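# Observations on the three-dimensional arrangement
Listed here are the chains, written in short residue letters.
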Amino acid sequence: MRPIIPDYMTEALEKVRPDTSGERAGYIPELATADPERLGAAFAMLDGKVYGAGDIDTEFTIQSISKPFAYALALTDRGFDSVLAKVGVEPSGEAFNEISLESTTGRPLNPMINAGAITVHSLAGAQDLDPAGRVERVLHGLSAFAGRRLRIDESVYASEIEHAHRNLAIAHMLRSHDILTGDAKTVVDGYTRQCSVLVTTRDLAMMAATLANRGVNPLSGEQVVPETVVRQVLSVMFSCGMYDAAGDWATQVGIPAKSGVAGGLIGALPGQIGIATFSPRLDPHGNSVRGVSLFERFSSDMGLHVMEVPAAALAVVRSNHVVGSGPNALRVLELQGGIGFAGAERVVKEAVDNEPSEVRVALDLTRVSSVDDVARRMLLEVARRLTLGGHDVFLVDPESVVPDPEPGDGGRVTVVDTVDQAANPTRSGSAR
Ligand code: DON
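Note that this is a predicted model, so its numbers are computed, not measured. (Residues numbered from 1 in each chain as written. Predicted model: local features only at pLDDT ≥ 70, side-chain atom pairs only at ≥ 80, totals over all residues. Heavy atoms only, no water.)

### A closer look at empty space enclosed by the protein
With the rule as written, the count across this model stands at two cavities of 30 Å³ or more. The volume enclosed by the largest cavity comes to roughly 60 Å³. Residue composition of the lining of the largest cavity, by class: five nonpolar, four polar and two charged. Quantified by volume, the second largest cavity comes out at close to 30 Å³. For the second largest cavity, the full set of lining residues is Ser64, Phe96, Tyr243, Ser259, Gly260, Val261, His285 and Gly286. Partitioning the lining of the second largest cavity into residue classes produces three nonpolar, five polar and no charged. (1 Å grid on protein atoms, 1.4 Å probe; cavity = no way out; pocket = protein on both sides within 12 Å on 5 of 7 lines; lining within 4 Å. Points joined across faces, edges and corners; volume = space filled by probe spheres on them. Nonpolar A, V, L, I, M, F, W, Y, C, P; charged D, E, K, R; others polar.)

### Quick notes on the domain arrangement of the protein
Reports often express the size of an interface as the amount of accessible area lost when the parts come together. The domain boundaries assigned to the protein delineate domain 1 (4–302) and domain 2 (313–431). In this structure, domain 1 and domain 2 have C-alpha centres spaced 46 Å apart. (Domains from an automatic or database assignment.)

### Side note on the state of the cysteines
For the structure on display, the rule yields zero disulfides. The thiol of Cys195 is not disulfide-bonded; the next cysteine sulfur, from Cys240, is found 17 Å away. Cys195 gets classed as buried once you look at its relative accessible area, which sits at 1%. Classification of Cys240 as buried rests on a relative accessible area of 3%. (Disulfide = S-S within 2.5 Å. Buried < 20%, exposed > 50% of the residue type's maximum accessible area, 1.4 Å probe, protein only.)

### Observations concerning the site of the ligand
For the ligand, the set of nearby residues contains 14 residues, the closest of which are Tyr27, Gln63, Ser64, Glu160 and Tyr191. Between the ligand and Gln63 there is a distance of 2.7 Å, counted from a nitrogen atom to a side-chain nitrogen or oxygen. Within the contact set of the ligand, an oxygen atom lies 2.6 Å away from a side-chain nitrogen or oxygen of Ser64. Alone, the ligand offers 340 Å² of accessible surface; in the complex the protein occludes 99% of this. (Near = heavy atom within 4 Å. Polar contact = N/O pair within 3.5 Å; in protein donor to acceptor, adjacent residues only side chain to side chain. Areas by Shrake-Rupley, 256 points an atom, 1.4 Å probe, with all protein chains shown as cover.)

### Comments concerning helix α1 (residues 4–16)
Its 13 residues place the ends of α1 19 Å apart at the C-alpha level, agreeing with the 18 Å of an ideal helix rising 1.5 Å per residue. Restricting attention to buried positions, one finds in α1 the residues Pro6, Met9, Ala12, Leu13 and Val16. Seen from one end, α1 has its buried residues packed into an arc of 120 degrees, which puts them on one side. (Helix = DSSP H or I, 4+ residues; strand = E, 2+ residues; numbered from the N terminus. Expected span 1.5 Å × (residues − 1). Arc of directions from axis to C-beta.)

### So, the packing of helix α6 (residues 131–146) against helix α10 (residues 201–212)
Direction vectors running N to C along α6 and α10 enclose 85 degrees, while the axes themselves pass 7 Å from each other. The angle between α6 and α10 places the two elements in the roughly perpendicular class. Taking contact as the criterion, the partners of Leu142, Phe145 and Ala146 in α6 are, on α10, Asp203, Met206, Met207, Thr210 and Leu211. Of the residues contributing to the contact of α6 with α10, the split by class is six nonpolar, one polar and one charged. (Axes fitted to C-alpha atoms, helices over the stretch in contact; angles between N-to-C directions. Parallel < 35°, antiparallel > 145°, perpendicular 65-115°, else oblique. Contact = heavy atoms within 4.5 Å.)

### Description of the pairing of strand β11 (residues 392–396)
For β11, the buried fraction is high: four of the five residues fall into the buried class. Bridge count for strand β10 (residues 360–371) against β11 is five bridges, and the pairing is parallel. The residue bridging Val361 from the neighbouring strand is Val393, located in β11. The handedness of the β10 to β11 crossover, carried by helix α15 (residues 373–388), is right-handed. As paired strands, β11 and strand β12 (residues 413–416) are joined by four bridges and run parallel to one another. Across the sheet, the residue bridging to Phe394 is Thr414, located in β12. (Pairing = 2+ DSSP bridges. Right-handed = clockwise from strand over helix to strand, strands pointing away.)

### Describing the sheet that holds strand β1 (residues 40–45)
If you walk across this open sheet you meet the five strands as β2-β1-β7-β6-β5, and the pairing is antiparallel. Strands at the two margins of the open sheet, each flanked by one partner only, are β2 (50–54) and β5 (257–259). Adjacent strand axes in the sheet meet at a mean angle of 10 degrees when their direction is disregarded. Pairing geometry for strand β6 (residues 264–269) and strand β7 (residues 273–278), over six bridges, is antiparallel. Residue pairing for β7: Leu269 is matched across the bridge by Ile273.

In structure tokens:
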């Protein structure tokens, strides 16, 4: 049978292939000679499976796509306060290489524009690292996101550093505000090496999937950065990742993303997927023309916009019925799917606001796939309130989706594997 997802991806590539508009990055001579016809797309799922079409194993330099990952490393290594003191989180609405700083503090507006990213590079690793050690910290960190050891393309580095006048101007301005404390030229050198790390589209999809997977690389299982850091990074990618096209991107595509001038583009959809595309011709914002079209297509075809409202919450209570009759009647709330705050609120409405007349009440979690922490606490509070109201409460939880089911003061639940065991609790061996 033909593979469904790669077939779909190949079809999407063929739809955008005829678009030859845009230009390769001319300001880095090595990039200006890249093959402009290269085109690839990869999806990395959170179990490590990668689907791809086109040139997904061709190497190119990561460029600005390194920025969110270096930001994650700096936040992890130095803590939020020290990084936020030097780099803001406000969208700039300006080009990526704009020479602009916050007027009062001298801070760069965000870590995705060059001013912020150059500062962030200086904050990766311990303060006392030498320049080579800092580059190694970044290379090691980017490699952990990718799940394989990456390397620097020395010729792209040499080509860019020779023409890095604008980044040097930015760095000197940062130095004059004491945002950079070390030598401006050395920091630009390290930042340029960071931009020259070689990756493939497959690598980038895996790096994005690590962000989508709460900081855990799907292949190695390594927790590369803490979850709190991932939340910060994805938020900044969402608002600032596409520079002065960020608003259009947020509304049209709606996936936290980052582009690079070598033609790479990544998107990380939390809890679902890491996506990467590669096509070297750029639009005036410095974003890959065919990459942007592919992302628009993927987002709309696959319903990936983060603001798309999930239907799940309303459907959490699959049925509310009674089993048996008389004093042994059991009220069963059959729940389903993944339960978060809004889903648990439905259960509160059904079980507490609308208290059952039956003494015995079961929350049937047989069809529940996951219960997040707030929903767990709410379900246990439902159980506690019902106990205090004189009910016998059963949790039908054969897969233990509610860990540590202890409802707290005055509450009591009996955990069983089937509704039948709750309906006939006197049968031996029913309660766990
Ligand atoms: O700082 C620079 O100019 C480059 N090394 C990186 C710029 C980049 O990739 C901008 N993104 N689209």
